[in-house]
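# Observations on the model geometry
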Amino acid sequence: MIQTIEFEAPRTAPISPDHVRIGGDASILGRIDDPAVTLAIWQRASPLTRPTLEDFPALRFACDMRSVAHRIAEALAPLPPRDWHHLLAADAQHLALLYAALTGQDRVDVRVERVTGNGCWKFHADYVALRLITTYCGQATQWLPQGATAGAEPRALSAGDVGLFKGCERAGDQAIIHRSPPIAGSGEDRLLLVIDAEWPEREG
């Protein structure tokens, strides 16, 4: 079960983006090792054109980092074939290998899902060390700079961007505050990929 710790948005400190690194190359994700950095964002275009998501299942599995593409392809095999299925599997595999290289983890926990509601719509920090998130289509994850005042307009990744979020296990009370964009009732949907270190209680 995913655990999160909710925080109220800070109310007094001035907004400061110094704890965030943003760049157009995957190497920017390595900046997350800086103790002062809690969010690294690789800005890129989504590798998927607007996919048809009506029949897309929720996928969740843990596996060796090299087996991610195979596991996704296996899960999607019963569906009518789509041109973008192999692109999704290949990109998730690439990101899993990046995550493993940055964290030293050989096994990863992978979640791919269509989101039509608000998801984790409250601002919170995750009780993990590092979490990789990308939204292939639709509105992407919103985040707050440290010291954001109450009611501050959140910033957001764009579709395709890859965010590496530092959670409470590595950053304590400085962990990055973020949320899913609230889209319930809008008719919008999102295709979300989340990669974590394997949770101890999960197998396979």
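### Regarding the sheet that holds strand S4 (residues 59–64)
- Reading across from one edge, S2-S3-S10-S7-S12-S5-S4 is the order of the seven strands in this open sheet, with mixed pairing throughout. The two strands at the open ends of the sheet, each matched to only one other strand, are strand S2 (20–23) and S4. Across the sheet, the mean angle from the axis of one strand to that of its neighbour is 15 degrees, orientation sign disregarded.
- Pairing geometry for S2 and strand S3 (residues 39–42), over four bridges, is parallel. Following the sheet pairing, Ile-22 is matched in S3 by Ile-41.

### Here's the deal with the nonpolar core
- Counting 35 residues, the largest nonpolar core has Val-68, Ile-72, Leu-88, Val-112, Leu-191 and Ile-195 as the members making the most contacts within it.
- Of all the elements in the fold, those that place two or more residues in this core are S3, S4, helix H1 (68–76), helix H2 (85–103), strand S5 (107–115), strand S7 (130–137), strand S10 (162–166) and strand S12 (190–197).
- It is H2 that contributes the most residues to this core, six residues altogether.
- Aside from chain neighbours lying at most four places away, what touches Ile-72 is Leu-59, Phe-61, Leu-88, Ala-89, Ala-92 and Val-112.
- Counting residues in each nonpolar core, the second largest holds twelve residues, with Leu-39, Phe-165, Ile-176 and Leu-192 among its members.

### Overview of the pairing of S7
- Most of S7 sits inside the fold, with eight of its eight residues counted as buried.
- Direction of pairing for S7 relative to S10: antiparallel, over a ladder of five bridges. Note that in S10 the partner of Arg-131 across the bridge is Phe-165.
- Of the strand pairs in this sheet, S7 and S12 are connected by five bridges, and their pairing is antiparallel. The partner of Cys-137 across the bridge, within S12, is Leu-191.

### Notes on the pattern of salt bridges
- Counting across every chain of the model gives ten salt bridges.
- Measuring nitrogen to oxygen at the nearest pair gives 2.8 Å for the salt bridge that ties Asp-91 to Arg-44. Remark: Arg-44 occurs in the loop between S3 and S4 and Asp-91 occurs in helix H2; sequence separation between them is 47 residues. The exposure classification of Asp-91 matches that of Arg-44, with both residues buried.
- Among the salt bridges present, the one from Asp-196 reaches Arg-131, with a minimum N-O distance of 2.8 Å. Highlighted residues: Asp-196 in strand S12 and Arg-131 in strand S7, separated in sequence by 65 residues.
- Residue Asp-196 is classed as buried on the basis of its relative accessible area of 3%.

Conventions adopted
- Residues numbered from 1 in each chain as written.
- Predicted model: local features only at pLDDT ≥ 70, side-chain atom pairs only at ≥ 80, totals over all residues.
- Heavy atoms only, no water.
- Pairing = 2+ DSSP bridges.
- Helix = DSSP H or I, 4+ residues; strand = E, 2+ residues; numbered from the N terminus.
- Axes fitted to C-alpha atoms, helices over the stretch in contact; angles between N-to-C directions.
- Core = buried A, V, L, I, M, F, W, Y, C linked by side-chain atoms within 4.5 Å.
- Buried < 20%, exposed > 50% of the residue type's maximum accessible area, 1.4 Å probe, protein only.
- Contact = heavy atoms within 4.5 Å.
- Salt bridge = Lys/Arg side-chain N within 4 Å of Asp/Glu carboxyl O.

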